[in-house]
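So you can see what is in the structure, the chains are spelled out below.
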Amino acid sequence: MKKFFQSLLAKYMLIIFMALFLIQISFLVIGLFVLGLAENIEDSKDNSRDYGVIEEKWHTEAAQIEDASIDQIKQHFEKWKHEYSEASMFWVNESGILTEALDVTEEIPTEWTSAFTAKFIKDRYGGEPFTVIAFVGNEEKDGFIVLELPREVFQPPIQKLYDRYGNLLSIGILLIISLFIIVSFLFFWQIRKRLLSLQDAMTTRDVVGMPTQIKVKKNDEIGQLEQTFNEMVKELRESKHREQEEEQLRKELIANLSHDLRTPLTKIRSQTYSLGREVLTTGGKQSLKSIENSVVDMDRLIENLMSYTLLMASKYKYELKEIDVVRYIRECLASWYPAFEREGFEIEIYLKSFSSNQWRIDPFWLSRIIDNLLQNILRHARSGKYVAVKTESTSQYDAIVIMDRGKGMQYKSSKKGAGVGLSIVDMMVQEMDLVWEIDSGKNGTTIKIKKFK
Amino acid sequence: MINILYIEDEEDIGSWVTNDLRKRGYDVTWLKDGEHLERYTTNIDIAILDVMLPGLDGFSIGKRIKKEITDIPILMLTARTAVEDKLEGLGFADDYLTKPFHPEELAARIEVLLRRFQKNDKILELKHLKVHMKDLRIIDKNTNEEILLTGKQYYLFQYFIRHLNQILTKEQLYEGVWGETYMEGDKTLMVHIRYLREKLEENPSKPSIIETIRGIGYRVKV
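Counting restarts for each chain, with residues numbered from 1 along the sequence as it is written. By the order in which they are written, chains take letters starting at A while ligands take numbers starting at 1. With pLDDT at 70 or above as the cut-off, local features in this predicted model cover only qualifying residues; side-chain atom pairs require 80 or more to be listed or tallied, and sums for whole chains, interfaces and linings still use all residues.

### Re the overall build of chain A
Secondary structure counts use DSSP, requiring at least four H or I residues in a row for a helix and at least two E residues in a row for a strand, with both numbered from the N terminus. A tally of regular secondary structure across chain A gives 11 helices and 11 strands. Of all 453 residues assigned to chain A, the portion counted as buried reaches 18%. Note that contacts rest on C-beta atoms placed from the backbone: two residues are in contact if these are within 7 Å. Sequence separation of 24 or more characterises 65% of the internal contacts of chain A that already satisfy a separation of 6 or more. The burial label depends on the number of other C-beta atoms within 10 Å of a residue's C-beta. Counts of 20 or more mean buried, 12 or fewer mean exposed, and intermediate counts mean partly exposed, with C-beta atoms placed from the backbone.

As structure tokens, this is what we get:
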């Protein structure tokens, strides 16, 4: 139950009830107010402001006037004038002569013919002003007196009330409606604000790319949503943490495995090296050389296998950087130069600047690619005794070109492995949004690593 | 005599490396772990460390040594080849060599490090020149006279000697000697190399000491 009262639903219901209640109350108050005023108005005036009553009264009083004289009529008129200030009255005597008039504004003839009298009666019947015609005296021989009253005098009190207090009432009702609108607006605006800030919190990420927890201020539906969101963030963080731990374990495992494989390899090398210092026959020296080469190959294979495993699992360290690629390649080549020099290779290096030397790549990956490709040349294309590294620029792409004059990739080199080295190159090139192209024939191999503009 | 501190827990590899280095004329202190390290760090010229050790690992030991004595070159010698390991190692160490290594390579790298840290008081024979490694005095064997270099020439030569046998790109040389970013097309370096060659080479038009490696840069090779 407590929860219900904290909910937005309850709040909204409250607003609606309040609004309904307020409107009802206001109408009630207005009703009472109007009634009070109406009573006031009716109290203050003659409560016989009614067509029938006035007509009746006019007739009765007229009948009571015996042997009407001007003074008597005048007196009678003044008495009425006192009571109905808006009234106008006149007297037409038995001869049809207008004898007395009080406050008559319209044109009336001084002599009343029977035709005019009939016309007057016809005109005024049910018209404006309200007109009562009564014969003077019981015998109806003293002519007739006419009472004229503007009909607005008879308007119902509510009408008058509206005329007087109408604006005030409209403003009051408008105020109440505006109040309701404002309260509703504020209510929804608050909800909207909180929802938007929630949305904001859902889209912002901290340094490790995780959404952050938010502060729960209220315990309503949105508050519950925020709480659920926080729980979700917590779970997400935990799972990310677990994932990182697993990743770390995996990396450790691979690193340890490679370490454990290399240690005996180092021992083999140490033994062959010591053996090499002994006096050996030519055959012995040859097999020692062969063991040494196998150690080197094995080392390479372990390295490739490890890289390949990490790459396949997307666990190989990968960090993009803007680097001057021509300069970087030149530095890589500087470390490879002596190896080719020792083997008596002809080395051609033509590195020209591209229109933009800045490539967004992982430098370690690039050096790994270059290492693998150059190592392949040293191992499989030794017969050509030639290596060239060049830059190439066309309107579509910039490229690094590596060429040899070996027997081509179709030729079965005795040192050919399963091609793990090239698979690594392929994966790395693709991952860095570069394209590579191999053109291999009997007279050599050309590899281009292209970056499209 | 050069004193080498070598930490390796693997018996066979440890004894082999120790023996080989001793044969090459170094004094080697071989430890199997990093315990009581402080007893041995007082009089050493270079440290060679394995990473996977019982107790304290090689990275921690290396950092500790560097903190204590800043001008000691440290070479990490390990079977851990992951990029992360290399990066962590090179964060403080001066070189990183992975197993299985060739003893010649290890010896060469030790030489390079000793030269870089000027721990060597050897005299280097460079064609017709004799170079005293400690103060970089250059004697022409033909005339037995000392060759004097001006400031920039001296620094340039020093840079080559520290990176002996290594091919250096124009960018590396310029940034290493002048300490500024190399701008494509800048002729300053070429001019200074020409002056240096005029002083050092017997025949400056056919240089044999400062080689030009086409497309890459320059090299001083023993």
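Still more ground to cover, so stick around.
### Here we look at the overall build of chain B
A tally of regular secondary structure across chain B gives seven helices and 12 strands. The 222 residues of chain B split such that 30% are buried. Restricting the contact set of chain B to residue pairs at least 6 apart, pairs at least 24 apart contribute 50%.

### Details of the UniProt feature "coiled-coil region" (unreviewed entry) in chain A
This chain's UniProt record puts "coiled-coil region" (unreviewed entry) on residues 222-256 of chain A. Between the C-alpha atoms that bound residues 222-256 of chain A there is a distance of 50 Å. The span itself is 100% helix and 0% strand. UniProt positions are given in the numbering used here, feature names are shortened, and annotations may be inferred rather than shown by experiment.

### Let's talk about the sheet that holds strand 1 (residues 88-92) of chain A
Residue and element names in this part refer to chain A. In short, DSSP must find at least two bridges between two strands for them to pair. Across the sheet, four strands lie side by side as 2-1-4-3; this open sheet has antiparallel pairing. Only two strands of the sheet have a single neighbouring strand rather than two, namely strand 2 (98-102) and strand 3 (130-135). Strand-to-strand twist across the sheet, computed as the mean angle between neighbouring axes with direction ignored, equals 15 degrees. With four bridges joining them, strand 1 and strand 2 adopt antiparallel strand pairing. Within strand 2, the residue paired with methionine 89 across the bridge is leucine 102. Axes here refer to lines fitted to C-alpha atoms; in helices the fit is confined to the stretch in contact. Angles between the N-to-C directions go from 0 to 180 degrees.

### Remarks on the sheet that holds strand 8 (residues 137-140) of chain B
Residues and elements named next belong to chain B. Strands sit in the order 6-7-8-9 across an open sheet of four strands; the sheet is antiparallel. Looking along the sheet, the strands with just one partner apiece sit at the ends: strand 6 (123-126) and strand 9 (145-147). In this sheet, adjacent strand axes meet at a mean angle of 30 degrees when their direction is disregarded. Across three bridges, strand 8 lies against strand 9 in antiparallel orientation. Paired with isoleucine 138 across the bridge in strand 9 is isoleucine 147.

### A word on the pairing of strand 2 (residues 27-31) of chain B
Successive residues of a regular strand alternate their side chains across the two faces of the sheet. Residue and element names in this part refer to chain B. Where strand 1 (residues 3-7) and strand 2 come together, five bridges link them in parallel fashion. Within strand 2, the residue paired with tyrosine 6 across the bridge is tryptophan 30. With the strands pointing away from the viewer, any crossover whose connection runs clockwise from the first strand over the helix to the second is right-handed. Following the chain from strand 1 across helix 1 (residues 11-23) to the adjacent parallel strand 2, one finds a crossover that is right-handed.

### Observations concerning the packing of helix 10 (residues 363-380) of chain A against helix 11 (residues 420-431) of chain A
All names here are of chain A. Interhelical geometry of helix 10 versus helix 11 gives an angle of 150 degrees and a closest axis separation of 9 Å. As summarised for this structure, helix 10 and helix 11 are arranged roughly antiparallel, according to the angle between their axes. Seen along the crossing, helix 10 lies across helix 11 with a hand that is left-handed. Here helix 10 contributes Trp365, Arg368, Ile369, Asn372, Leu373 and Asn376 to the contact with helix 11, which in turn contributes Gly421, Ile424, Val425, Met428 and Val429. Polar here means any residue other than Ala, Val, Leu, Ile, Met, Phe, Trp, Tyr, Cys and Pro, which are nonpolar, and Asp, Glu, Lys and Arg, which are charged; Gly is therefore polar. By residue class, the composition of the contact of helix 10 with helix 11 is seven nonpolar, three polar and one charged. An angle below 35 degrees is read as roughly parallel, one above 145 as roughly antiparallel, one from 65 to 115 as roughly perpendicular, and any other as oblique. In a left-handed crossing the near helix is turned counterclockwise from the far helix by less than a right angle, and in a right-handed crossing that turn is clockwise.

### Section: the environment of tyrosine 218 of chain B
All names here are of chain B. Among the structural elements, tyrosine 218 can be located in strand 12 (residues 217-220). On the basis of neighbour counts, which here come to 23 C-beta atoms within 10 Å, the residue tyrosine 218 falls in the buried class. Separated by 52 residues in sequence, tyrosine 218 and glutamine 166 place their C-alpha atoms 8.5 Å apart. The residues contacting tyrosine 218, other than those within four sequence positions of it, are Leu168, Leu173, Ile193, Ile210, Glu211, Thr212 and Ile213.

### Focus on the nonpolar core
Think of a nonpolar core as buried Ala, Val, Leu, Ile, Met, Phe, Trp, Tyr and Cys residues, each tied to the set through C-beta atoms within 7 Å. In this structure, Ile329, Leu333, Ile369, Ile370 and Leu373 of chain A are the most contacted members of the largest nonpolar core, which totals 45 residues. Broken down by element, the residue count for this core peaks at eight residues, all from helix 9 (residues 325-342) of chain A. Excluding its chain neighbours within four sequence positions, the residues that come into contact with isoleucine 370 of chain A are Ile329 and Cys332 of chain A. Counting residues in each nonpolar core, the second largest holds 27 residues, with Ile7, Phe59, Tyr96 and Phe101 of chain B among its members.

### What to know about the pairing of strand 3 (residues 46-49) of chain B
Residue and element names in this part refer to chain B. Side chains Ile46 and Ile48 of strand 3 all project onto a buried face; the interleaved residues Ala47 and Leu49 project onto the opposite face, where all are buried too. Note that strand 1 and strand 3 share four bridges and pair parallel. Looking at strand 3, one finds that isoleucine 4 is bridged to isoleucine 46. In terms of strand pairing, strand 3 meets strand 4 (residues 74-78) through three bridges, oriented parallel. Across the sheet, the residue bridging to isoleucine 48 is leucine 75, located in strand 4.

### A closer look at the interface of chain A and chain B
Between chain A and chain B, the residue contacts involve 28 residues of the former and 24 residues of the latter. At the level of elements, helix 7 (221-276), helix 8 (282-312), helix 9 and strand 6 (346-350) of chain A are the ones that each hand at least two residues to the side of chain A that touches chain B. Looking at which element gives the most residues to the side of chain A that touches chain B, the answer is helix 7 of chain A, with 13 residues.

### Thoughts on the confidence of the model for chain B
A low pLDDT means the predicted coordinates there should not be read in detail. Across the chain, each position has a pLDDT score giving the predictor's confidence in that residue, from 0 to 100. On average, residues of chain B carry a pLDDT of 89, and 100% of them reach 70 or more. Scored as a complex, the prediction yields pTM 0.61 and ipTM 0.79.

### Considering helix 10 of chain A
Because the α-helix completes a turn every 3.6 residues, residues three or four places apart line up on one side. Residue and element names in this part refer to chain A. Between its first and last C-alpha atoms helix 10 spans 25 Å; for 18 residues at 1.5 Å apiece the expected length is 26 Å, and the two agree. Turning to helix 10, its buried residues are Trp365, Leu366, Arg368, Ile369, Ile370, Asn372, Leu373, Leu374, Asn376, Ile377 and His380. Considering only its buried residues, helix 10 is in contact with helix 9, strand 7 (358-361), strand 8 (386-393), strand 9 (397-404), helix 11 and strand 11 (444-452). Helices are assigned an expected span. That span is 1.5 Å times one less than the residue count.

### Structural notes on unusual backbone geometry
Residues and elements named next belong to chain B. Residue proline 100 is reached from lysine 99 by a cis peptide bond, and omega for that bond is -5 degrees. Of note in the backbone geometry, histidine 36 takes a positive phi value of approximately 55 degrees without being a glycine. Residue position: histidine 36 is located in the loop between strand 2 and strand 3. Phi angles above zero are rare outside glycine, and asparagine 165 is one such case at about 70 degrees. Counting through the fold element by element, asparagine 165 comes out in the loop between helix 5 (151-162) and strand 10 (168-169).

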